[in-house]
Amino acid sequence: MKKILVLDDNLTICLMLKSWLVKRLYEVETATNVDDAKKLIREVAFDLVLSDIRMPDMDGFSFLSWIQKYDSDVLVIMMTGYADIESAVASMKSGAVDYISKPIEPELLFKKIEDALKIRQNQKKSKQFINAFIKPEGRAYTELFKRLDKAVVDNTHLLITGDRGTGKASAAKYIYEKGVHKSFPFVTADYDRFSKNGSDAGATSYSFQQENSWISRKFAEAKGGLLFVKNAQLLDKTGQLQLQDFLTKQPKNENFTQVIVSTDKTISELSAIWIPKLLTTLQKHHILLPALKENKESIPFFAHYFLTVANEVLNKKIEKIMPAVQQLLLDYDWPGNIQEVKNTIIKAALLTESNCISEEVGRLLFKAAQKPVDHPKGTSVKGLRKERYEKEKIEEALTLAKGNKTMAASILNIDRKTLYNKIKLYNVNTTF
């Protein structure tokens, strides 16, 4: 259900619009002042905001600017009087997706909202798989892409293993993009998300019955397309048996669903936690993604690629990375692999005001990266709570993105609604 926020200093208008939109099955919140609207936006991942262009405490332009900085994925439609069309047009140039004149005609409002949401959905769909898995030079990656392409041609189920940050999700998207079932859905079933929340909808309880229902629903959603099972090491025995059935019993017809299973565990580690049948089935087609520390020649490629991305997203014009910084990149071990390179280059771009990433910026970044963590006495990295780790990563990403939720979600490699759920779960400060 799409979520809409209505902002107008006239309570009657807010309630009227809410009544209309609820009947169209939108989830609606209202606010009569900007402070309340900001508070709601910090707590809820709204899809769209309907905002009056003139309010006592802040004009629509300033509020629009704040939304773009806070969460650039939120669509904004400005509401205005007939005499203020010029301002409404100007608001679209400032980033609003559309405007509507008062008094508001219900059917026109519904059409504008539907059009805005459809355009955004199409934009996301078209961008979702662009450069999902970039191809650097080097023997390891050349061999990797040969094997990925073979999985595309054969349309086989696949097990992908590798350290965190090596690109397991990107490899799955690459196979989907290249595959013959591209017109069918790509569905992700993340067991890490399920085991924490009880379901992908954010429930707090957990049961094997829920798990079985959840994975069955995911298979139904992916019918004829590709199902990407993440963090499969968390599957309990019942879930493993069900996955084994899906892998081996479905017929190869037009509704055949290709399954890609991923985990950061090694084959040896999986043999201790998976039933033998499942491991045997998936081992037939297994790809191990290369760790970056073993493929140093690919690091400059990734660094320059993500610099291009950072320039586009942050509206920067950084032309080069100084040789001293390139050497720092080559000397570092990259425990977070490709994802860590991305985060590091984005950090560097945020800290850079000139047209090049300087040695000073580089040393600042790598000094922080190599600083030892001061753990409490009697604890170990292995024993640290996952919740604390995730909260720290979210706080770091939000700081880097200067509070922008869309950018922070990109840094963390999660969708923005998942980010909002985790912010709420861990009570993360979002005031920037």
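Rules behind the numbers
Residues numbered from 1 in each chain as written. Predicted model: local features only at pLDDT ≥ 70, side-chain atom pairs only at ≥ 80, totals over all residues. Heavy atoms only, no water. Helix = DSSP H or I, 4+ residues; strand = E, 2+ residues; numbered from the N terminus. Buried < 20%, exposed > 50% of the residue type's maximum accessible area, 1.4 Å probe, protein only. Pairing = 2+ DSSP bridges. Axes fitted to C-alpha atoms, helices over the stretch in contact; angles between N-to-C directions. Contact = heavy atoms within 4.5 Å. Core = buried A, V, L, I, M, F, W, Y, C linked by side-chain atoms within 4.5 Å. Expected span 1.5 Å × (residues − 1). Arc of directions from axis to C-beta. Salt bridge = Lys/Arg side-chain N within 4 Å of Asp/Glu carboxyl O. Phe/Tyr/Trp six-rings, centres within 6.5 Å; stacked < 30°, edge-to-face > 60°. Lys NZ or Arg CZ within 6 Å of the ring centre and 35° of its normal.

A. Here's a closer look at the environment of K284. As for its position among the elements, K284 is in the loop between α12 (276-283) and β10 (286-288). Residue classification places K284 among the exposed positions, given a relative accessible area of 62%. Put simply, K284 and H157 are 127 residues apart on the chain and 9.0 Å apart in space, counted from C-alpha to C-alpha.

B. Seen up close, the sheet that holds strand β6 (residues 158-161). In space, the five strands of this open sheet follow the order β7-β8-β9-β6-β10, with parallel pairing throughout. On the outer flanks of this sheet lie β7 (186-190) and β10, each paired with one strand and no other. Strand-to-strand, the axes of this sheet are offset by a mean angle of 20°, without reference to chain direction. With four bridges connecting them, β6 and strand β9 (residues 258-263) associate as parallel partners. Each residue of the ladder has a partner; that of L159, found in β9, is V261. Sheet contacts for helix α7 (residues 168-178): β6, β7, β8 (226-230) and β9; angle to β8, the most-contacted strand, approximately 175°.

C. Examining the environment of L159 more closely. Residue position: L159 is located in strand β6. Along the backbone, L159 and A232 are 73 residues apart, and their C-alpha atoms lie at a distance of 9.8 Å. Leaving out residues up to four positions away in the same chain, L159 has contacts with V261, T263, I267, L270, W274, L282, H285, H286 and I287.

D. Structural context of the nonpolar core. Residues L148, I175, I260, F302, W334 and I357 are the most contacted members of the largest nonpolar core, which totals 58 residues. Not counting chain neighbours up to four residues away, the residues in contact with I260 comprise L158, I160, A172, I175, L226, L227, F228 and V229. Residues V49, I53, L64 and V74 belong to the second largest nonpolar core, which totals 23 residues.

E. Structural detail: helix α1 (residues 11-23). Over its 13 residues, α1 runs 19 Å from end to end, which matches the ideal 18 Å to within 8%, given 1.5 Å per residue. Turning to α1, its buried residues are I13, C14, L17, W20 and L21. For α1, the arc enclosing every buried residue in end-on projection is 135°, short of the 170-degree limit, so these residues lie on one face. Turned more than 90 degrees away from the buried face of α1 sit T12 and K23, all of them exposed. Residue L25 follows α1 closely and has a positive phi angle near 70°.

F. Quick peek at the environment of D35. With respect to the helices and strands, the residue D35 is situated in helix α2 (residues 34-43). The exposure class of D35 is exposed, given its relative accessible area of 56%.

G. Highlighting the pattern of salt bridges. Counted according to the given criterion, the structure contains 17 salt bridges. In this structure, E107 and R24 form a salt bridge, with 3.2 Å as the shortest nitrogen-oxygen distance. With E107 in helix α5 (residues 106-128) and R24 in the loop between α1 and β2 (27-31), the pair connects residues that are 83 residues apart, well separated along the chain. K316 is paired through a salt bridge with E353; the nearest N and O atoms lie 3.9 Å apart. One end of the pair, K316, is in the loop between α13 (299-314) and β11 (320-321); the other, E353, is in the loop between α15 (337-351) and β12 (356-357), with 37 residues separating them in the sequence. Salt bridges linked by common partners bring D8, D52 and K102 together as one network.

H. Looking closely at α15. Under the 1.5 Å per step criterion, the end-to-end length of α15 is 21 Å for 15 residues, consistent within 8% with the ideal 21 Å. Counting buried positions along α15 yields 12 of 15 residues, so the element is predominantly enclosed. Among the residues of α15, N337, I338, E340, V341, K342, N343, T344, I345, I346, A348, A349 and L350 are the ones counted as buried.

I. Examining the packing of aromatic side chains more closely. Counting across every chain of the model gives 13 aromatic pairs. Taking the centre distance of 5.3 Å and the plane angle of 70° together, the rings of Y332 and F366 count as edge-to-face. Pair noted here: Y332 is in the loop between α14 (323-331) and α15 and F366 is in helix α16 (residues 359-370), with a separation of 34 residues, a long-range link. As far as burial versus exposure is concerned, Y332 and F366 are alike and both buried. For the ring pair W334 and F366, a centre distance of 5.9 Å and an interplane angle of 80° mean the geometry is edge-to-face. Of the two residues, W334 is situated in the loop between α14 and α15 and F366 in helix α16; the sequence distance between them amounts to 32 residues. According to the relative accessible area criterion, W334 is buried, its value standing at 1%. Grouping aromatic residues by their ring pairs yields a cluster made of Y141, F301, F302, Y305 and F306. For K112, the ring lying beneath its charged end belongs to Y99, and the centroid distance is 5.8 Å.

No statement about biological role is implied by the geometric values presented.
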